[in-house]
Amino acid sequence: MAVEAEEIVNISLYNTAERLAALLVLLAEEFPQNEQGYIEIPFNNEELATMVGACRNSVFNALSVFQKQKLIHKGRGRLVIADLPRLKEYV
């Protein structure tokens, strides 16, 4: 019950970009950096939307903002975290 209550609070207090950034920071700890220092996250927009409790379009919009700020690079069915320290600023 406590976990569900925490999730409800998170959804109500934080916008999609903030929740998505927090998720990507957590996932970055699970996946190794490549030779260029990038972290590849093997999830598509729909999977990320499910994880943060948002619609796919909201996640797409947040990821587009992150990409414009050069925090990530999007690819088919995956994304690459290019600037983890700046991404952490959203959290």
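Residues numbered from 1 in each chain as written. Predicted model: local features only at pLDDT ≥ 70, side-chain atom pairs only at ≥ 80, totals over all residues. Heavy atoms only, no water.

### A few points about the side chain of Asp-83
And then number 1: Its location among the elements puts Asp-83 in the loop between strand 3 (78-81) and helix 5 (84-87).
And then number 2: Here the side chain of Asp-83 touches Arg-86 through a polar contact of 3.3 Å, landing on its backbone nitrogen.
And then number 3: In this view, Asp-83 contacts Lys-70 and Leu-71; residues no more than four positions away in its chain are not counted. (Helix = DSSP H or I, 4+ residues; strand = E, 2+ residues; numbered from the N terminus. Polar contact = N/O pair within 3.5 Å; in protein donor to acceptor, adjacent residues only side chain to side chain. Contact = heavy atoms within 4.5 Å.)

### Focus: the nonpolar core
And then number 1: With 23 residues, the main nonpolar core has Leu-20, Leu-24, Leu-48, Leu-63, Phe-66, Ile-81 and Leu-87 as its most contacted residues.
And then number 2: Contributing elements (two or more residues each) for this core: helix 2 (16-28), strand 1 (39-41), helix 3 (45-52), helix 4 (56-68), strand 3 and helix 5.
And then number 3: Per-element tally for this core: the top contributor is helix 2, with 8 residues.
And then number 4: Ignoring any residue separated from it by four or fewer positions in sequence, one finds Ile-81 in contact with Leu-24, Ala-28, Tyr-38, Ile-39, Ile-41, Leu-71, Ile-72 and Leu-87. (Core = buried A, V, L, I, M, F, W, Y, C linked by side-chain atoms within 4.5 Å. Buried < 20%, exposed > 50% of the residue type's maximum accessible area, 1.4 Å probe, protein only.)

### Description of the side chain of Arg-19
And then number 1: Positionally, Arg-19 belongs in helix 2.
And then number 2: In terms of polar contacts, Arg-19 uses its side chain to reach the backbone carbonyl oxygen of Tyr-14, at 2.7 Å.
And then number 3: Among the polar contacts made by the side chain of Arg-19, one reaches the main-chain carbonyl oxygen of Val-52 at a distance of 2.9 Å.

### Side note on the environment of Arg-78
And then number 1: With respect to the secondary-structure elements, Arg-78 resides in strand 3.
And then number 2: In this structure the C-alpha to C-alpha distance between Arg-78 and Asn-44, which are 34 residues apart in sequence, comes to 5.4 Å.

### Observations regarding the packing of helix 2 against helix 3
And then number 1: At a minimum axis distance of 10 Å, the contact between helix 2 and helix 3 shows a crossing angle of 105°. In terms of axis orientation, helix 2 runs roughly perpendicular to helix 3. Mapping the contact onto sequence places Arg-19, Leu-20, Leu-23, Leu-24 and Leu-27 in helix 2 and Leu-48, Met-51 and Val-52 in helix 3. (Axes fitted to C-alpha atoms, helices over the stretch in contact; angles between N-to-C directions. Parallel < 35°, antiparallel > 145°, perpendicular 65-115°, else oblique.)

### Observations concerning the packing of helix 2 against helix 4
And then number 1: Where helix 2 contacts helix 4, the two axes come as close as 9 Å, and the packing angle between them is 70°. Classified by the interaxial angle, the pair formed by helix 2 and helix 4 is roughly perpendicular. In this structure, helix 2 contributes Thr-16, Ala-17, Leu-20, Ala-21 and Leu-24 to the contact, and helix 4 contributes Ser-58, Val-59, Ala-62, Leu-63 and Phe-66.
And then number 2: The residue makeup of the contact of helix 2 with helix 4, split by class, is 8 nonpolar, 2 polar and no charged. (Nonpolar A, V, L, I, M, F, W, Y, C, P; charged D, E, K, R; others polar.)

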